[in-house]
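Observations on chain architecture
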Amino acid sequence: MATSSFNPGELANLLKDFPILSREVHPGVSLAYLDSAATSQKPASVIDAMDEYYRRTNANIHRGIHMLAEEATAKYEDARQKVARFINAHSEREIIFTRNTTEAINLVAYTWARANLKNGDLVILTEMEHHSNLVPWQILASERGIRLEFIPVTDEGLLDLDAYQQLLAQEPRLVSFMHMSNVLGTINPASEIVRMAHAAGAVALVDGAQSVPHFPVDVQDLDADFLAFSAHKMLGPTGIGVLYGKEALLNAMPPFLGGGDMIKKVMLRSFSANSLPHKFEAGTPAIAEGIGLGAAVDYLTHTGMDRIAAYEHELTSYALDRLSEVSGLTVIGPRAELRGGVAAFTLADIHPHDVAQLLDREGLAVRAGHHCAMPLHQRFDLPATTRASFYLYNTRADIDRLASALERVKKLFG
Ligand code: 7TS
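Now for a description of the structure that goes with this document. (Residues numbered from 1 in each chain as written. Predicted model: local features only at pLDDT ≥ 70, side-chain atom pairs only at ≥ 80, totals over all residues. Heavy atoms only, no water.)

Bringing the overall build of the chain into the picture now. Along the backbone of the chain there are 14 helices and 17 strands. In terms of C-alpha radius of gyration, the chain reaches 22 Å, essentially the compact-globule figure of 22 Å for 414 residues. By its C-alpha atoms, the chain is 70 × 55 × 40 Å across when sized along the principal axes. Scored against the burial criterion, the 414 residues of the chain give a buried share of 55%. Surface accessibility of the chain: about 17200 Å² in total, with carbon and sulfur atoms responsible for 52%. With 37 positive and 49 negative side-chain charges, the chain shows a spacing of 5 Å between the two charge centroids. (Helix = DSSP H or I, 4+ residues; strand = E, 2+ residues; numbered from the N terminus. Rg over C-alpha atoms; globule rule 2.2 N^0.38 Å. Buried < 20%, exposed > 50% of the residue type's maximum accessible area, 1.4 Å probe, protein only. Areas by Shrake-Rupley, 256 points an atom, 1.4 Å probe, with all protein chains shown as cover. Lys, Arg positive; Asp, Glu negative; His and termini not counted. Charge placed at Lys NZ, Arg CZ, Asp CG, Glu CD.)

So, about the site of the ligand. In the vicinity of the ligand there are 17 residues, among which Thr102, Asp207, Ser230, Arg367 and Arg387 approach most closely. At 2.8 Å, a side-chain N or O of asparagine 182 approaches an oxygen atom of the ligand. Measuring from a nitrogen atom of the ligand, one finds a side-chain N or O atom of aspartate 207 at 2.5 Å. For the ligand, whose accessible area on its own is 490 Å², the fraction buried by protein is 90%. (Near = heavy atom within 4 Å. Polar contact = N/O pair within 3.5 Å; in protein donor to acceptor, adjacent residues only side chain to side chain.)

What follows concerns the packing of aromatic side chains. Within this structure, the stated rule accounts for 7 aromatic pairs. These aromatic residues form a ring-pair network of at least three members: Phe18, Tyr299, Tyr391 and Tyr393. It is arginine 379 that lies over the ring of phenylalanine 380; its NZ or CZ is 4.8 Å from the centre. (Phe/Tyr/Trp six-rings, centres within 6.5 Å; stacked < 30°, edge-to-face > 60°. Lys NZ or Arg CZ within 6 Å of the ring centre and 35° of its normal.)

By size, the foremost hydrophobic cluster in this structure holds 111 residues, and its most contacted members are Ile87, Leu227, Leu392 and Leu406. Two domains each put at least three residues into this core: domain 1 (8-42 + 304-412) and domain 2 (48-302). Apart from the residues within four sequence positions on either side, leucine 227 is in contact with Ile87, Val206, Gly208, Val212, Val217, Val219, Leu222, Val242, Leu243 and Tyr244. If you look at the next biggest cluster of nonpolar residues, it comprises 27 residues, including Ile105, Ala109, Trp112 and Phe280. (Core = buried A, V, L, I, M, F, W, Y, C linked by side-chain atoms within 4.5 Å. Domains from an automatic or database assignment. Contact = heavy atoms within 4.5 Å.)

Moving on: the environment of leucine 359. For leucine 359, the position within the fold is in helix α12 (residues 352-361). Along the chain, leucine 359 and glycine 145 lie 214 residues apart, while their C-alpha atoms are 45 Å from each other. Beyond its immediate stretch of four places on either side in the chain, leucine 359 contacts Leu364, Val366, Leu402, Ala405, Leu406 and Val409.

Structure (structure tokens):
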């Protein structure tokens, strides 16, 4: 990769931005946080932006004419513009604030899909999807009789694009897929998948929950019709996520939830919908969280998404090397060049929950289970895996601690 990652001085400074990293998790045991795929830690600038909002500005938005209400509205809408610039959207009208990725995908399923799909229409998903990009479509399938087909996953953990090409002959209406797998770490060739979907006349939705936080994502390059992601995985707070949608599509869609703020005019028996993006944001939104997301975007932008991606790539290669030295350990997913900072593995026949519990005793926070991707685990014939996931604030020292702790876990289980 051409872009340079962080030098040791920059890394040391960066680590100081995350207050939680200096706490002990057990007496005398420092934290090695290896669970960023579940949720990321937050820099002080994000925590401060939200604290400052509640201490100085707190007011409801889009309705008051007093000073605080105007300030709160400006800060919240400023965050929306930051998000729009961050993913290179044409306009902030294309940025809908939701609660998280899950709600963003459901918004498309409940509005666009219910307005456009009928019995027998095909939606293509993949075998590696998170439950949040499976269940909404399953609900629609049982309600509407839409058909679901799945792009298979190869043994290496890649999408089988030849099989996808064949599925496209069935003229799907929608292709909805994850940009990066939260289990395999696979970075899917999203632009190509979108291009192929469009060539077959389908709309394309990209689940960017694991991509937007970790490498540059440009919606104009990607040409995705929809992109969903969550603030809490990209240094921001919980409670706010984003649905990006192309303006023409969003304009043509019926509203999602009804209530205040999403209307222009209400009569006793009817209403007219507000303009974008407010049409899809009913009720008082997560204002402090929106402002926190804006601060997270500032932090990521100043640090540089190219450099974050380069650093995580080095770290992941190092982790895969170190883990391969642990005998009996198998990482699922592709080689380092094709993946982001996620390593899910099995360790001999030790139960992943036992592995995670023993790692926790040494201050290592990892996740064990199916990671909300049960069908993918079934594909690999595994009930569960242990998963370490990395972000810009992880170091080689964290990975060294992981590798040596895993050796001790193995000894303990003989
Ligand atoms: N899509 C992907 C690819 C994800 O990894 C996740 C969360 C979601 C969607 C849902 O995001 P949410 O913010 O709406 O919950 N993934 C994980 C995980 O891997 N461990 O915990 C949550």
